[in-house]
Amino acid sequence: MPDEIVRRGLVVQLARLGDLVQSLPAIASLNAQAKMAVLDLLCPAPLASIGSCIAGIERVLAWEVERWRLWADRWGSAREETFTEIETYLKMLIPTLYNAAFNLNQHSRSMLVAALVSRHVLGPGDHGPLTKDLPPWAGYLRGVVRNRDRNRVHLADVFCGLCGVMPPGTAPRLQLPPTNLPEDLSSIGTTEGPWVAVVVGAGDAARCVPLAIWREWIRMFLSASRGGGVVLIGSEGERERAYGIQDGMSSLSLGRLWDATGRTTLVQTAALLSHCQWVIGSDTGPLHLGTAVGARAMGFYFAQAGVHETGPYGEGHWTWQAKPTSRREASAEGREGARVDQIERWPIAESVRLIVDERAGQCDGWTLWRSYLDRWGVYQMAEGVLEDPGEPREDVWRRLHRPLSLKALSHEYV
Amino acid sequence: MSMFEKNLAVIVARDPVLATALRESRGGAFNIIAARNGQPTATVAGRALHSAYDPRREAEAWATAQAAVCRPGEVLIVLGVGLLYHIEALRARVPCDTTIGVIVPDLNELHDVCMVRVLDSWINHVEWLWSSIERVASSLAAMNAPLRFLVYAPAAALHASAHADLERLIRQHVSARVGGQVHVAVVGPIYGGSLPIAKYAAAALEQLGHRVTWIDHSLHQASYDAMTRLKDPRHRATLQSRLADLLGQLTLARVAEDPPDVVLALAQAPMTLPLLEHMRKKNFVTAMWFVENYRHLTYWQQVAAGYDHWFVIQKKPCEDALRYAGAKQVSYLPMAAAPAIHCPLPLTPEDQTTFGADVSFVGAGYANRRGLLPRLLTNEWAFKLWGNEWDGVTSLAGALQLGGARIDTDTCVKVFNGTKININLHSWTGEGLDPDGDCINPRTFELAACGAFQIVDDRTLLPDVFTEEQILTFGRPDDLAPLVRQWLSDELGRRQMADAARQRVLAEHTYDHRMRQLLTQIGVSQPDRVGAILQGERQASALMERSDAEPELIPVLAQFAPQERVELKDVALRIRKRGVSAMLSREDLLILMLDEHRMETRDLL
């Protein structure tokens, strides 16, 4: 009988673009393994257009943070009206409760949302929105961030664990609708290539690759690749960085360097990335977006970015991970990579060679990792690196995994 | 029947007195012409009050923008009559139970409207406030609802003075009965004359029952001074600028940890434009009391646009200059005294000997003082000079007390009390008297509060705060010594004038008064936020009374004392205190959710 009951699930992902893209495996596995009759997604309103491109998502609910801020501000002076407005909004957004909310975030807001919209919460908040106890996978994630062990389970696979499903074993792709690009950008990807999308920013300055490095990288790439082209990817706020990169570029870049920063919607950005063979940048949303539309990723990971947790998802991506600069950073602060201002040399020539000639090399201060995929999810391997791999991922899964109980959900629904 | 008569027939049904008054008015206030689309439009002295192309569409755009900011329960007061296109459009855009009042300073304008526009029945769904400004202010202040003022600028500009009077009168009425507890963060400077003013303001706010977070940057004066001693001016400027930036961040951290309703900075507080813009993004209400002469200290130009409210001690052209620089709300708020500190003080014989004199002056050695005060050196009376920066004025060396040291407030008060005639000469860097002298220094109020007799140089704004029976002024340097001579022998006259001045200060010019006026002004501008708090609408008792629609909240509210202010965070805290395993209702979850969004102010840094 349980199979006859309509099971309605809601994935709650209120973090940023990168986290939304990293949720794709969990959503794919929920559809394949949990056999939800309806699976919806709740994500921040600015990301709703990307949410709509995720296969297996029936409806995307856009969470409008600004509205909540406004209501919070107004509550004292117009409490009754505020509550009425909220209820009207919630009724339109979520007409009926879900059987299960799959909460992928650890902050209070997500736990509260999950409790509001569903009778049954999986993931953080599964024992109530005020609880401090984390489910096993969420506790693991917190431990990884603290200890930064090697060979750990990737964030996207932890999301699967939080939902009570196994990783899908493949890297899911976004299904982009037919998308018109600004006319001057429509020729990108139409010539031989390779075409490389350079993600110029990363929000926080500490996570950004310096402009001079990008200038040098592009110059070297265009020299090394006869038919290659580069497109700069970024938001409106990153246009200045794009101008800075183009400033002083030689005539070599004429007709081969395109600036798309601040000129495309998120879906258009994804379409543009899908026209490129490669996407290169630090650990950012657009880098992960690129992998989700078929581009191969070349990551520069430094500071707090760790390839084992948030490396590009899928097979065949490359990541340059900056090594810790001191014993202190390697121990007291986990295995955190060098800060951007501590990096003396960047793997510019080495990464260009990888793209143009598919030849891997070494660079002082960096480790080059290649991504692989198996039934336990994504993992990273580095040639010539002999390190304690830590607890095998298989063991981690056996230790932490609590398969989703469909009966429990059906019972809740009944 | 003419258009005028038809319109009057509509009005008379609801307000026959207004209809009669309109019939008796002459009209002719506006020059009526046809807009391009044929609708009537109006000009006054060549200035258009409505669009010359499509007055109705223009009015609709205005009304749409205004309606978007209005909240349920507010009374909307429109300044600016014109041909009423904007009123008609506004009436159509706000709920029918929203009261709209229109201030009509000149009935001839309404007469002109009736002559050229067909006024439908909507005109009877508007309150026409056409009696004297005093009566209008009184009736508006008595309303038991928040007022929101909407300005239709082209028409309102014709009566700017009347509108300013109205605002001032309403403020007076409202400030006399405000009671709620506002949380104000007072941000002081690192050092300087505005530092004691900041402390007086903070003390006054507490005295009025508000909650104050005192952000005291004077703690860092030693570091600032250490930088002053650097020889290279570039090092000095760079490091002092960085210290100011750091203290700005410290201010942010303080307000983030305990978010106030209002951030009140005093002149010279280390607040930069980016910092203020950051605060605005986080929805903080900011105000600056610029207790300096805007002509002397000009850094206001850099931060004018950053504050939501400016309070200044000068009127025009200071107010205009600030507005031109980007300030949104500028209000006149003169200096004041703190009667708990500035008060009559019986002196011991020893103190009288030390601090007393026939004639005294307290202050720093500005150029005008250096030129004028030597005229008081005479055998006819004993003259004492107190204060610093008097180097090089050899003629005054014999009168200078304490070796020209800077003197503290206690000493000031003793000098004021022990002196028969206190000279109060406003600072100026030129010779003689400041030809632009308008603002009144704090000393004027402090001397008066001490019950001390003073002679002050003439200031254009002085008649606003003291009468000739309360303060003696002089308009030319040559007049000072004769006045001293005349009043030194008139002890009774001095006493009467000083007593009258003290009574005026106690009645109208204390920091309590100023802070009440300041908060009321902010409250009037923001009826839904600070205004509602001042009206006591956030107190537990008031919330209980309005909890009919949400009975679930009554048990929560009952946990608070009736006069205790209850905010979202307080209710959320009570819910959290029930423990992690407590059963949460939907209302509980919503309150916690709202509180999570409120707490984003903590992300300020």
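Residues numbered from 1 in each chain as written. Chains lettered and ligands numbered in written order. Predicted model: local features only at pLDDT ≥ 70, side-chain atom pairs only at ≥ 80, totals over all residues.

Examining the overall build of chain A
Item 1. Summing up its helical and strand segments, chain A has 17 helices and 13 strands in all.
Item 2. Within the span of chain A, comprising 414 residues, buried residues form 48% of the whole.
Item 3. The contacts in chain A between residues at least 6 apart in sequence include a share of 64% that link residues at least 24 apart. (Helix = DSSP H or I, 4+ residues; strand = E, 2+ residues; numbered from the N terminus. Buried ≥ 20, exposed ≤ 12 C-beta atoms within 10 Å, placed from the backbone. Contact = placed C-beta atoms within 7 Å.)

What about the overall build of chain B?
Item 1. In terms of regular secondary structure, chain B is built from 27 helices and 18 strands.
Item 2. Counting the 605 residues in chain B, one finds 44% classified as buried.
Item 3. For chain B, long-range pairs separated by at least 24 residues make up 67% of all intrachain contacts whose partners lie at least 6 apart in sequence.

Some remarks on the interface of chain A and chain B
Item 1. Counting residues at the interface gives 23 residues for chain A, matched by 25 residues for chain B.
Item 2. Broken down by secondary-structure element, the contributors of at least two residues to the side of chain A that touches chain B are α4 (65–74), α5 (79–93) and α6 (108–117) of chain A.
Item 3. For the side of chain A that touches chain B, the residue count by class is 12 nonpolar, 5 polar and 6 charged. (Nonpolar A, V, L, I, M, F, W, Y, C, P; charged D, E, K, R; others polar.)

Structural notes on the nonpolar core
Item 1. Counting residues in each nonpolar core, the largest one holds 135 residues, and the members touching the most others are Phe102(A), Ala197(A), Val198(A) and Val231(A).
Item 2. Once residues lying within four places of it in the same chain are set aside, the contact partners of Val198(A) are Trp214(A), Ile218(A), Val230(A), Leu232(A), Ile233(A), Ile280(A) and Gly281(A).
Item 3. Core analysis: the next-biggest nonpolar cluster, separate from the first, contains 107 residues, Ala267(B), Leu322(B), Tyr332(B) and Val456(B) among them. (Core = buried A, V, L, I, M, F, W, Y, C linked by C-beta atoms within 7 Å.)

Some thoughts on the sheet that holds strand β4 (residues 75–79) of chain B
All names here are of chain B.
Item 1. Spatial strand order, β6-β5-β4-β7: 4 strands in an open sheet with parallel pairing. Each having just a single partner strand, β6 (127–129) and β7 (147–151) make up the two edges of the open sheet. If you compare each strand with its neighbour and ignore which way they point, the axes differ by 25° on average.
Item 2. The sheet contact formed by strand β5 (residues 100–103) and β6 spans 3 bridges and is parallel. Its bridge partner lying in β6, glycine 101 is registered against glutamate 127. (Pairing = 2+ DSSP bridges. Axes fitted to C-alpha atoms, helices over the stretch in contact; angles between N-to-C directions.)

Observations concerning the packing of helix α9 (residues 211–224) of chain A against helix α10 (residues 239–246) of chain A
A packed helix pair is summarised by two numbers, namely the angle formed by the two axes and the spacing between the axes.
All names here are of chain A.
Item 1. Interaxial distance between α9 and α10 falls to 8 Å at its minimum, and their mutual angle equals 50°. Taken together, α9 and α10 sit at an angle that is classed as oblique. The two elements α9 and α10 cross, and the hand of that crossing is right-handed. Side by side, α9 and α10 meet where Leu211, Trp214, Arg215 and Ile218 of the first sit next to Arg241, Gly244 and Ile245 of the second.
Item 2. A per-class count over the contact of α9 with α10 returns 4 nonpolar, 1 polar and 2 charged. (Parallel < 35°, antiparallel > 145°, perpendicular 65-115°, else oblique. Left-handed = near helix turned anticlockwise from the far one by under 90°.)

Observations concerning the pairing of β5(B)
Regular strands have side chains that alternate between both faces of the sheet.
All names here are of chain B.
Item 1. Note: β4 against β5, 4 bridges, orientation parallel. Looking across to β5, one finds that leucine 79 is bridged to isoleucine 103.
Item 2. Following the backbone out of β4, through helix α4 (residues 85–93) and into the adjacent parallel β5, one traces a crossover that is right-handed.
Item 3. For the segment spanning β5, helix α5 (residues 107–116) and β6, crossover handedness is right-handed. (Right-handed = clockwise from strand over helix to strand, strands pointing away.)

Things to note about the sheet that holds strand β15 (residues 383–386) of chain B
All names here are of chain B.
Item 1. The 5 strands lie next to each other as β15-β14-β16-β17-β18, forming an open sheet whose pairing is parallel. This sheet does not close on itself; its edge strands, each paired only once, are β15 and β18 (472–474). For this sheet the average axis-to-axis angle between neighbouring strands, irrespective of direction, equals 25°.
Item 2. The sheet contact formed by strand β17 (residues 454–457) and β18 spans 3 bridges and is parallel. Bridge assignment links valine 456 to a residue of β18, and that residue is threonine 473.

Notes on the environment of Val94(B)
Residue and element names in this part refer to chain B.
Item 1. Examined against the element boundaries, valine 94 turns out to sit in the loop between α4 and β5.
Item 2. In this structure valine 94 comes out as partly exposed when scored by C-beta crowding, with 17 C-beta atoms within 10 Å.
Item 3. Through-space distance from the C-alpha of valine 94 to that of alanine 63 is 9.1 Å; in sequence the pair is 31 residues apart.

Re helix α3 (residues 55–69) of chain B
In an α-helix, one turn spans 3.6 residues, which is why side chains three or four residues apart end up on the same side.
All names here are of chain B.
Item 1. With 15 residues, α3 extends 22 Å between its outermost C-alpha atoms, agreeing within 8% with the 21 Å of an ideal straight helix rising 1.5 Å per residue.
Item 2. Here α3 has its buried residues at Pro55, Glu58, Ala59, Trp62, Ala63 and Gln66. Down the axis of α3, the buried set is contained in an arc of 130°. They therefore lie on one face. Those residues of α3 that are exposed and angled more than 90 degrees off the buried face are Ala65 and Ala68.
Item 3. Those residues of α3 that are buried lie in contact with β2 (40–44), α4 and β7. (Expected span 1.5 Å × (residues − 1). Arc of directions from axis to C-beta.)

Re the environment of Glu431(B)
Residues and elements named next belong to chain B.
Item 1. Within the secondary structure, glutamate 431 sits in the loop between β16 (419–424) and α18 (442–449).
Item 2. A C-alpha to C-alpha distance of 6.3 Å links glutamate 431 and alanine 367, two positions 64 residues apart in sequence.
Item 3. Apart from residues lying up to four places away in sequence, glutamate 431 is in contact with Ala367, Asn368 and Gly371.

Digging into the confidence of the model for chain B
Item 1. Per-residue confidence for chain B gives a mean pLDDT of 89, with 96% of residues at or over 70.
Item 2. Two summary scores accompany this predicted model of the complex, namely pTM at 0.63 and ipTM at 0.87. (pLDDT = per-residue confidence, 0-100.)

Focus: the packing of α18(B) against helix α21 (residues 491–508) of chain B
All names here are of chain B.
Item 1. α21 packs onto α18 with a crossing angle of 110° between their chain directions and a minimal axis gap of 7 Å. Put simply, α18 runs roughly perpendicular to α21. Judged by the sense of rotation from one axis to the other, the crossing of α18 with α21 is left-handed. Side by side, α18 and α21 meet where Phe445, Ala448 and Ala449 of the first sit next to Ala501, Arg502, Arg504 and Val505 of the second.
Item 2. Residues that form the contact of α18 with α21 fall into these classes: 5 nonpolar, no polar and 2 charged.

Brief notes about the pairing of β17(B)
All names here are of chain B.
Item 1. The alternating pattern of β17 places Gln454 and Val456 on one face and Ile455 and Asp457 on the opposite face, and all of these are buried.
Item 2. Pairing of β16 with β17 involves 3 bridges; the strand directions are parallel. Within β17, the position partnered with asparagine 422 by the bridge is glutamine 454.
Item 3. Taken together, β16, α18 and β17 form a β-α-β motif whose crossover is right-handed.

A look at unusual backbone geometry
Residues and elements named next belong to chain B.
Item 1. That bond from lysine 316 to proline 317 is cis: its omega, 5°, falls within 30 degrees of zero.
Item 2. Mapped onto the fold, proline 317 is located in the loop between β12 (309–312) and α14 (318–324).
Item 3. Its identity as a non-glycine residue notwithstanding, alanine 45 has a phi of 50°, on the positive side.
Item 4. Mapped onto the secondary structure, alanine 45 falls in the loop between β2 and β3 (47–48).
Item 5. Exposure remark for alanine 45: the 6 C-beta atoms within 10 Å place this residue in the exposed category.
Item 6. Although it is not a glycine, leucine 84 sits at a positive phi angle of roughly 70°.
Item 7. Along the chain, leucine 84 falls in the loop between β4 and α4.

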